[in-house]
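# Architecture and fold: a report
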Amino acid sequence: MSNIEIDEKSGFCFGVVNAIKKAEEELAKGGTLYCLGDIVHNNLEVDRLEKLGLKTINHEEFAKLKNARVLLRAHGEPPSTYQTAKENNIEIIDASCPVVLRLQKKIHNKYNDEKNNNTQIVIYGKNGHAEVNGLLGQTDSSATVIEKKEDLDKLDFTKNICLFSQTTKPLDGFQEIIDIIQSRMQGDAKFEFFDTICRQVSNRIPNIKEFALKNDIIFFVAGEKSSNGKVLYAECKKYNPNSYFITTPSDINPEVVSKTASIGICGATSTPKWQMEEVEAKINEIRLGLN
């Protein structure tokens, strides 16, 4: 019988745990609770909370609300969201991750200090991502977002550059961006950077590598919208070709289970432990049917 192991270092990060806890506490009080955007990039967890009464809305719907309670998820929000809440008498339940809030404050302060010096505020992150939108808001949307090294051509290397990073980006990617900018700076222009990457998230990559290598097959569990899930799954696949991305237990191929000696189950920072446990139960069910 094959061995099954759930990665103890996978699952929700602190920020997501905190956001879900706040949602559950508020829902227990009764009344309507809205959440601005998916509380986590995991459809099954969103569905679970919506069955408890959570209503997910977008920014357009939020702008039309009045006299309501709204939860802000861990990703953080731009200043405009708080201003809308104030104008429309919306009670904010702020579940923004403390790591993200500290980053927002750093960018806001640096923007105010440097806006008269032609300094370019640069954010290494994913365009359109909720956290990045919140960070852009701290600069009146004047910062430049860099997703990959090819985007660096947008910058003027004869002017000062100040670099920040989305909290969930990989450390090696951030270092590569730093090295390229440093090599391209010209004249008296100054380059400053701040390592704002969350170690609880960045450490998942070396952990997931170790976990992938010690198992014959990996089932990586995550929601299709999870950026973090895509990154971590790519790491699994790199070190263990027998890695499979699944969103629900029904995605498991029984033929794969029958041929393996050791099975590892892991997931993204947006994957709840209960979902990985359901995958374990499904694997056990498949194995019993093979006897």
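Residues numbered from 1 in each chain as written. Predicted model: local features only at pLDDT ≥ 70, side-chain atom pairs only at ≥ 80, totals over all residues. Heavy atoms only, no water.

### Observations regarding the overall build of the chain
Short version of the rule: Put simply, DSSP H or I for four residues or longer makes a helix, DSSP E for two residues or longer makes a strand, and each gets a number counted from the N terminus. For each residue, the accessible area found with a 1.4 Å probe, counting protein chains only, is set against the maximum for its type, and the residue is called buried under 20%, exposed over 50%, and partly exposed in between. Here a residue-residue contact requires only that any non-hydrogen atoms of the pair lie within 4.5 Å. A 1.4 Å probe and the Shrake-Rupley method give the accessible areas. Residues count as covered only by the protein chains that appear here.
Of the regular secondary structure elements, the chain holds 12 helices and 12 strands. Along the first, second and third principal axes, the C-alpha set of the chain runs to 75 × 55 × 25 Å. Here the chain holds 291 residues, and the buried ones make up 52% of them. Here the contacts in the chain between residues at least 6 apart in sequence split such that 71% fall between residues at least 24 apart. Per element, the accessible surface of the chain, about 14,200 Å² overall, is 47% carbon and sulfur.

### Brief notes about the UniProt feature "binding site: (2E)-4-hydroxy-3-methylbut-2-enyl diphosphate" (unreviewed entry) in the chain
Just so we agree on the cut-off: UniProt positions are given in the numbering used here, feature names are shortened, and annotations may be inferred rather than shown by experiment.
Feature annotation in UniProt places "binding site: (2E)-4-hydroxy-3-methylbut-2-enyl diphosphate" (unreviewed entry) on His41, His75, His129, Thr167, Ser226, Ser227, Asn228 and Ser270, given in this structure's numbering. Judged by relative accessible area, His75 falls into the buried class, the value being 15%. Examined against the element boundaries, Ser227 turns out to sit in helix α10 (residues 227-239).

### Some points on the side chain of Glu45
Applied cut-off: In protein, a polar contact requires one atom able to donate a hydrogen and another able to accept it; more generally it is a pair of N or O atoms within 3.5 Å, and residues adjacent in sequence count only if both atoms are side-chain atoms.
With respect to the helices and strands, the residue Glu45 is situated in helix α2 (residues 43-51). Under the relative-accessibility criterion, Glu45 is labelled buried at 1%. Polar side-chain contacts of Glu45 include one of 2.8 Å to the side chain of Arg48.

### Details of the sheet that holds strand β8 (residues 161-165)
Going by this rule: A pair of strands is treated as paired once DSSP finds two or more bridges between them. Only C-alpha atoms enter the line fits that serve as axes; for helices the fit covers just the stretch in contact. Angles between N-to-C directions range over 0 to 180 degrees.
In spatial order, the strands read β7-β6-β8-β9; together these four strands make up an open sheet with parallel pairing. Of all the strands in the sheet, just β7 (144-146) and β9 (191-193) have a single pairing partner and so form its edges. Across the sheet, the axes of successive neighbouring strands diverge by a mean angle of 25 degrees, strand direction being ignored. Lying on the sheet, helix α5 (residues 98-114) is in contact with β6 (120-124), β8 and β9; it crosses β8 at an angle near 170 degrees. Each of β6, β7, β8 and β9 touches helix α7 (residues 171-184); the most contacted strand, β8, lies at about 175 degrees to it.

### Topic: the pattern of salt bridges
Oppositely charged side chains are able to pair whenever their charged atoms sit close together. Filter applied, for reference: For salt bridges, the criterion is a side-chain nitrogen of Lys or Arg within 4 Å of an Asp or Glu carboxyl oxygen.
With the rule as written, the count across this model stands at 15 salt bridges. Notably, a salt bridge pairs Lys225 with Asp38, separated by 2.9 Å at the nearest N-O pair. Here the residue Lys225 occupies a position in the loop between β10 (217-221) and α10, and Asp38 occupies one in the loop between β2 (33-36) and α2, the gap between them amounting to 187 residues. Take Asp38: its relative accessible area is 16%, and that puts it in the buried class.

### Structural notes on helix α1 (residues 14-28)
This is how the line gets drawn: To estimate the expected span of a helix, subtract one from its residue number and multiply by 1.5 Å. Along the arc lie the directions from the helix axis toward the C-beta atoms.
Over its 15 residues, α1 runs 21 Å from end to end, which matches the ideal 21 Å to within 8%, given 1.5 Å per residue. Every buried residue of α1 is accounted for by Gly15, Val16, Ala19, Ile20, Ala23, Glu26 and Leu27. Buried residues of α1 fall within an arc of 130 degrees about the axis and therefore sit on the same side. Check the buried side of α1 and you find it contacts β2, α2, β3 (54-57), β4 (69-72) and β5 (91-94). Just beyond α1, the residue with positive phi is Gly30, at close to 90 degrees.

### Some words on the sheet that holds strand β12 (residues 262-267)
As summarised here, the arrangement of the four strands in space is β1-β12-β10-β11, forming an open sheet in which the pairing is parallel. Two strands in the sheet have a free side with no partner beyond their single neighbour: β1 (3-6) and β11 (243-246). With direction set aside, neighbouring strand axes in the sheet form an average angle of 20 degrees. As judged from the four bridges shared by β10 and β11, these two strands associate in the parallel manner.

### Description of the packing of α5 against helix α6 (residues 130-137)
Convention followed: Each angle receives one of four descriptions, namely roughly parallel if under 35 degrees, roughly antiparallel if over 145, roughly perpendicular if within 65 to 115, and oblique otherwise. Working rule for handedness: look at the near helix, and if it is turned counterclockwise from the far one by less than a right angle, call the crossing left-handed; if clockwise, right-handed.
Orientation of α5 relative to α6, taken along the N-to-C sense of each, is 30 degrees, at an axis distance of 9 Å. In this view, α5 runs roughly parallel relative to α6, as classed from their interaxial angle. Read as a crossing pair, α5 and α6 show a hand that is right-handed. Contact with α5, carried on its side by Val100, Leu103, Gln104 and Ile107, involves Glu131, Gly134 and Leu135 of α6 and no other residues of that element.

### A look at the domain arrangement of the chain
When the parts of a complex come together, some accessible area is lost, and that lost area is often used as the size of the interface. Heads up, the condition is: Those domain boundaries reflect an automatic or database domain assignment. Accessible area, probed at 1.4 Å, shrinks when two parts are joined; the buried area is that loss added up over both.
For the chain, the domain assignment lists domain 1 (4-11 + 200-288), domain 2 (14-97) and domain 3 (99-193). Its C-alpha centre places domain 2 at a distance of 28 Å from the equivalent point of domain 3. Interface area, domain 2 with domain 3, both sides summed: about 780 Å², of which 62% is carbon and sulfur. Scanning the region where domain 2 abuts domain 3 turns up zero salt bridges.

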